[in-house]
Amino acid sequence: MEGSVGYDNDLNLRATELRLGLPGTEPVSIVRSNKRSLQQVADDDCGVNGCKSDDQNETAPPPPKAQIVGWPPIRSYRKNNIQTKKNESEGGGIYVKVSMDGAPYLRKIDLKIYSGYPELLQAIENMLKFTIGEYSEREGYKGSDYAPTYEDKDGDWMLVGDVPWEMFITSCKRLRIMKGSEARGLGCGV
Amino acid sequence: MQKEMAYSFPDEVLKHVFSFIQSDKDRNAVSLVCKSWYEIERWCRRKVFIGNCYAVSPRMVIRRFPEVRSIELKGKPHFADFNLVPDGWGGYVLQWIAEMAGAYPWLGEIRLKRMVVTDESLELIAKSFKNFKVLVLFSCEGFSTDGLAAIAASCKNLRELDLRESEVDDLSGHWLAQFPETCTSLVSLNISCLGSDEVSFSALERLVDRCPNLRSLQLNRAVTLDKIANILRRAPQLVDFGTGNYAAELQPDVFSNLAGAFSSCKELKSLSGFWDVVPAYLPALYSICPRLTSLNLSYATIQSPDLIKLVSHCPRLQRLLVLDYVEDSGLEELASSCKDLQELRVFPSDPFGVEPNVSLTEQGLVAVSLGCPKLQSVLYFCRRMSNAALVTIAQNCPNLTRFRLCIIEPKTPDYLTLDPLDAGFGAIVEHCKDLRRLSLSGLLTDHVFEYIGTYGKKLEMLSVAFAGDSDLGLHHVLSGCESLRKLEIRDCPFGDKALLANAAKLETMRSLWMSSCAMSFGACKLLGQKMPKLNVEVIDETEPPDSRPESYPVDKLYIYRSVAGPRFDMPPFLWSMDEAVKILH
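Residues numbered from 1 in each chain as written. Chains lettered and ligands numbered in written order. Predicted model: local features only at pLDDT ≥ 70, side-chain atom pairs only at ≥ 80, totals over all residues. Heavy atoms only, no water.

**Brief notes about the overall build of chain A**
When its secondary structure is counted, chain A shows 7 helices and 7 strands. Here chain A holds 190 residues, and the buried ones make up 42% of them. Nonlocal contacts in chain A, meaning residues at least 24 apart in sequence, comprise 45% of its contacts between residues at least 6 apart. Carbon and sulfur atoms provide 52% of the accessible area of chain A, an area that totals close to 11100 Å². (Helix = DSSP H or I, 4+ residues; strand = E, 2+ residues; numbered from the N terminus. Buried < 20%, exposed > 50% of the residue type's maximum accessible area, 1.4 Å probe, protein only. Contact = heavy atoms within 4.5 Å. Areas by Shrake-Rupley, 256 points an atom, 1.4 Å probe, with all protein chains shown as cover.)

**Observations concerning helix α15 (residues 422-431) of chain B**
With 7 of 10 residues buried, α15 of chain B is to be regarded as a mostly interior element. As for α15 of chain B, its buried residues are in contact with α14 (387-396), β16 (402-407), β17 (437-439) and α16 (446-455) of chain B.

**Some points on the nonpolar core**
With 200 residues, the main nonpolar core has F241, Y246, F262, F403, I452 and L499 of chain B as its most contacted residues. Excluding its chain neighbours within four sequence positions, the residues that come into contact with I452 of chain B are V429, L438, L440, L459, L462, V477 and C481 of chain B. Counting residues in hydrophobic clusters, the runner-up holds 28 residues, among them V96, M100, I124 and V163 of chain A. (Core = buried A, V, L, I, M, F, W, Y, C linked by side-chain atoms within 4.5 Å.)

**Details of the pattern of salt bridges**
Across all of its chains, the model carries 33 salt bridges over all chains by this definition. Notably, a salt bridge pairs R111 of chain B with E109 of chain B, separated by 2.7 Å at the nearest N-O pair. Residue classification places R111 of chain B among the partly exposed positions, given a relative accessible area of 21%. Connected through shared salt-bridge partners, R75 of chain A together with D81, R114 and E165 of chain B make up one network. (Salt bridge = Lys/Arg side-chain N within 4 Å of Asp/Glu carboxyl O.)

**Comments concerning helix α2 (residues 24-31) of chain B**
Residue and element names in this part refer to chain B. Every buried residue belonging to α2 is among R27, V30 and S31, and all of these are buried. Here the buried residues of α2 occupy an arc of 95° about the axis, which is enough to place them on one side. Against the buried residues of α2 lie α1 (11-18), α3 (35-44) and α4 (58-64). (Arc of directions from axis to C-beta.)

**Section: the sheet that holds strand β6 (residues 157-159) of chain A**
All names here are of chain A. The strand order across the open sheet built from 5 strands is β2-β1-β7-β5-β6, with neighbouring strands paired in mixed fashion. The sheet is open, and its two borders are formed by β2 (107-110) and β6, each paired with just one other strand. With direction set aside, neighbouring strand axes in the sheet form an average angle of 30°. Taken together, the 4 bridges between strand β1 (residues 95-100) and strand β7 (residues 172-179) define a ladder with parallel strand orientation. Residue pairing for β7: S99 is matched across the bridge by R176. Where helix α5 (residues 117-128) meets the sheet, its contacts fall on β1, β2, β5 (146-152) and β7, and the angle it forms with β2 comes to roughly 155°. (Pairing = 2+ DSSP bridges. Axes fitted to C-alpha atoms, helices over the stretch in contact; angles between N-to-C directions.)

**Focus: the environment of D162 of chain A**
As for its placement among the helices and strands, D162 of chain A is situated in the loop between β6 and α6 (165-171). On the basis of relative accessible area, D162 of chain A is assigned to the partly exposed category, the value being 26%.

**Side note on the UniProt feature "domain: F-box" (unreviewed entry) in chain B**
On the UniProt side, "domain: F-box" (unreviewed entry) is annotated at positions that read residues 9-50 of chain B here. Segment residues 9-50 of chain B splits into 62% helix and 10% strand. End C-alpha atoms: 31 Å apart. (UniProt positions renumbered as here; feature names shortened; annotations may be inferred.)

**Some words on the packing of helix α13 (residues 362-371) of chain B against α14 of chain B**
Residues and elements named next belong to chain B. As a packed pair, α13 and α14 sit with axes 9 Å apart at the nearest point and diverge in direction by 20°. Classified by the angle between their axes, α13 and α14 sit roughly parallel to one another. Between α13 and α14 lies a crossing of left-handed hand. Every residue of α14 that contacts α13 at E362, L365, V366, S369 and L370 is listed here: A389, T392, I393 and N396. A breakdown of the residues in the contact of α13 with α14 according to their chemical character gives 5 nonpolar, 3 polar and 1 charged. (Parallel < 35°, antiparallel > 145°, perpendicular 65-115°, else oblique. Left-handed = near helix turned anticlockwise from the far one by under 90°. Nonpolar A, V, L, I, M, F, W, Y, C, P; charged D, E, K, R; others polar.)

**Some thoughts on the packing of α1 of chain B against α3 of chain B**
Residues and elements named next belong to chain B. Orientation of α1 relative to α3, taken along the N-to-C sense of each, is 60°, at an axis distance of 10 Å. Comparing the axis directions of α1 and α3 gives the class oblique. Remark: the crossing between α1 and α3 carries right-handed chirality. For the pair α1 and α3, the contacting residues are D11, L14, K15 and F18 in the first and W37, I40, E41 and C44 in the second. Grouping the amino acids of the contact of α1 with α3 by side-chain chemistry returns 5 nonpolar, no polar and 3 charged.

**Remarks on the packing of aromatic side chains**
Here a ring pair, both rings aromatic, is described through the centre-centre distance and the interplanar angle of the planes. If you walk through the whole model with that rule in mind, you get 23 aromatic pairs over all chains. Aromatic side chains Y77 of chain A and Y299 of chain B sit 6.4 Å apart centroid to centroid with 55° between the ring planes, which places their arrangement in the tilted category. Here Y77 of chain A is found in helix α4 (residues 76-90), whereas its partner Y299 of chain B is found in the loop between β12 (294-297) and α11 (304-311) on a different chain. Under the relative-accessibility criterion, Y77 of chain A is labelled buried at 19%. Taking the relative accessible area as the measure of exposure, Y299 of chain B reaches 16% and is therefore buried. With 6.3 Å between their ring centres and 55° between their planes, W175 of chain B and F179 of chain B make a pair best called tilted. For the pair formed by W175 of chain B and F179 of chain B, the shared burial category is buried. An aromatic cluster is built from Y54, F79, F82, W89, W513, Y558 and Y560 of chain B, whose rings are joined through pairwise contacts. Above the ring of F347 of chain B, the side-chain terminus of R78 of chain A is found at 3.7 Å from the ring centroid. (Phe/Tyr/Trp six-rings, centres within 6.5 Å; stacked < 30°, edge-to-face > 60°. Lys NZ or Arg CZ within 6 Å of the ring centre and 35° of its normal.)

**Topic: unusual backbone geometry**
Following W71 of chain A, the chain continues to P72 of chain A via a peptide bond in cis, the omega torsion being -5°. With respect to the helices and strands, P72 of chain A occurs in the loop between α3 (33-43) and α4. Even without being glycine, L418 of chain B reaches a positive phi, approximately 65°. Mapped onto the elements, L418 of chain B comes out in the loop between β16 and α15.

**Quick word on the pairing of strand β20 (residues 511-515) of chain B**
In regular strands, side chains alternate between the two faces of the sheet. Residues and elements named next belong to chain B. Burial of β20 is extensive: 5 of the 5 residues sit out of reach of the surface. As paired strands, strand β19 (residues 486-490) and β20 are joined by 5 bridges and run parallel to one another. Counterpart to K486 in the pairing with β20 is S511. The sheet contact formed by β20 and strand β22 (residues 556-561) spans 5 bridges and is antiparallel. Residue pairing for β22: S515 is matched across the bridge by K556.

Structure, rendered in structure tokens:
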């Protein structure tokens with residue numbers, strides 16, 4: 001990858017370039033192996049240029065065709081438009097918006113990829129960088145200023161965790177991480 | 001402020017002359033002639049365009065141009081459209097609004113693209129600018145219908161409200177009812193991005209009724225087909241119309257009502273929307289098709305025969321957006337019917353499917369290039385391409401200004417010869433001398449960049465993915481493309497050498513984005529130190545870049561010229577390489 005093929009013949013970059021390290025040493029570039037796996041899969045397909053699969057120290061087996069982030073380059077709303085059509089026919093993901101009081105932007109998540117509440121809450125914690133408290137049926141979420149709530153099919157705001165998981169994912173329209181007293185208000189009497 | 005010069009024009013005369021100069025480039029040139037022209041020009045500049053909101057601070061803009069009435073700002077890098085920029089990256093407009101609220105009481109127009117706009121910002125706009133006329137939020141996010149309600153309620157002379165492709169939190173459809181009865185000034189309303197099932201349709205009808213100058217209206221998906229006729233009869237003067245969903249059970253009276261409503265719109269030239277199309281209702285459009293110049297069917301999941309029928313009624317079509325259901329056969333029909341075609345965009349219906357689901361290949365694009373001599377702008381998603389086809393397209397369409405080709409599988413070679421597609425794209429840049437924008441795909445070596453550097457003298461924006469062999473590729477582009485303003489690269493083996501050798505070039509560009517390439521952290525630091533007029537920003541969501549060896553590659557890199565210095569609002573995953581900023585988190 002740090003190929004010097006024909007490089008110094010074509011350009012006198014050395015004269016102009018900014019360099020790292022002491023003069024006379026070549027900078028060494030280490031590439032994280034996990035980034036190469038997709039490239040390796042693709043390289044194996046290339047015809048004329050030959051395969052470049054020898055560069056890595058680790059030769060990982062080609063991974064299954066994973067979806068590459070951001071490729072093909074299509075806007076989310078276009079994907080969602082096609083997605084919605086497919087959801088209706090194939091039962092695809094259940095996408096809901098996640099908002100957090102005080103945060104300037106919304107997120108979207110697919111409820112179908114989680115197997116239960118702990119996974120979902122962990123994911124939301126990671127995504128929005130905060131902690132949800134301990135859940136108890138009686139007292140709601142304790143130990144944190146935030147409580148995860150959701151709007152159900154009837155338009156009511158419920159505390160996440162109060163209904164069985166399967167019922168939750170079919171009735172949840174959107175999620176909202178409430179802050180402060182509003183959150184505590186929902187903790188009891190649900 | 002001015003020197004008295006016997007031979008110079010009075011300020012008033014110069015001001016009057018300058019008022020005819022609208023383009024930013026010309027205005028900038030005027031301001032460089034001499035100090036007094038600089039002074040006069042800056043006091044009478046009314047419109048400011050800021051292509052990167054972090055390139056300059058609000059205070060600096062206000063200081064130089066005290067009498068601005070219209071501002072346009074762009075925030076996130078283009079690759080944010082494809083989820084490559086993490087949430088929370090930035091592009092917040094609030095501080096701009098806050099500063100302008102004090103400095104520009106007469107600000108009338110705000111146009112934003114890829115920025116984060118909160119309800120607080122919208123409320124501030126609503127209460128700060130008494131003469132507010134135009135709000136365009138293109139691909140923005142962060143606000144809800146509450147913010148829109150504030151705009152609707154307060155802006156008495158609102159002319160334009162355009163929310164295209166923005167992400168809006170729909171809390172209630174009743175914001176539309178906030179437009180006061182006295183508001184009759186609307187010329188353009190685009191709410192196509194709203195998902196709400198409860199757009200207050202009666203409020204919308206009344207609004208349309210009382211705005212005789214309404215020229216452009218884009219409804220959202222929730223508005224059903226049966227409602228279209230009501231709207232159109234209230235606004236027969238419309239030039240640009242976006243339907244909601246275009247599906248209903250076929251009923252003769254609904255159909256004839258719709259057809260009649262469309263035919264009463266004698267000015268209608270542009271159509272969009274068309275979610276969930278029932279083909280049987282397309283003939284309702286036939287009466288206006290002969291006048292149509294723009295048709296956006298990119299959400300319409302209708303098959304080629306129906307598309308062919310529709311398109312064959314539109315001989316004046318200049319712009320067509322469509323899904324790949326159109327297939328090669330549909331594009332051949334387009335090529336024979338629509339000789340005025342200037343812009344074509346074909347989107348994939350099944351972007352993640354491995355096997356092609358439709359018969360759309362390079363042949364369709366070749367046919368259009370042959371039949372439509374005025375073709376200027378192309379966006380084309382397909383699954384195979386050949387050098388021969390690209391050469392043919394290049395030769396047929398020397399007037400291309402925008403050419404974006406996306407071959408869905410990365411590194412796909414010429415399907416006939418298995419060669420890289422260097423020669424094909426080379427032909428594009430060689431023949432299309434006015435090419436301003438180019439997106440590459442397929443199997444590409446450093447050679448394609450050599451062609452681009454040699455011939456792409458007018459190229460302003462280049463998008464590259466999964467291409468090239470070495471730094472030589474990047475070097476060709478940076479050293480050869482004289483007009484380059486925006487360069488965005490992902491998953492290419494470009495490292496430190498070319499970037500460091502061409503560091504000065506980066507000051508002549510708006511921005512450079514590189515992700516999943518091979519630029520090392522050490523080189524980023526060096527660049528940041530040596531080039532104070534550049535902001536060099538490293539994005540890494542997993543761990544701080546300085547927790548690894550300096551030779552380790554960075555995940556994402558965004559470099560842009562700026563006179564505002566490093567950002568104040570950096571999120572935790574973003575590190576500035578500016579020497580003045582300590583890397584502390």
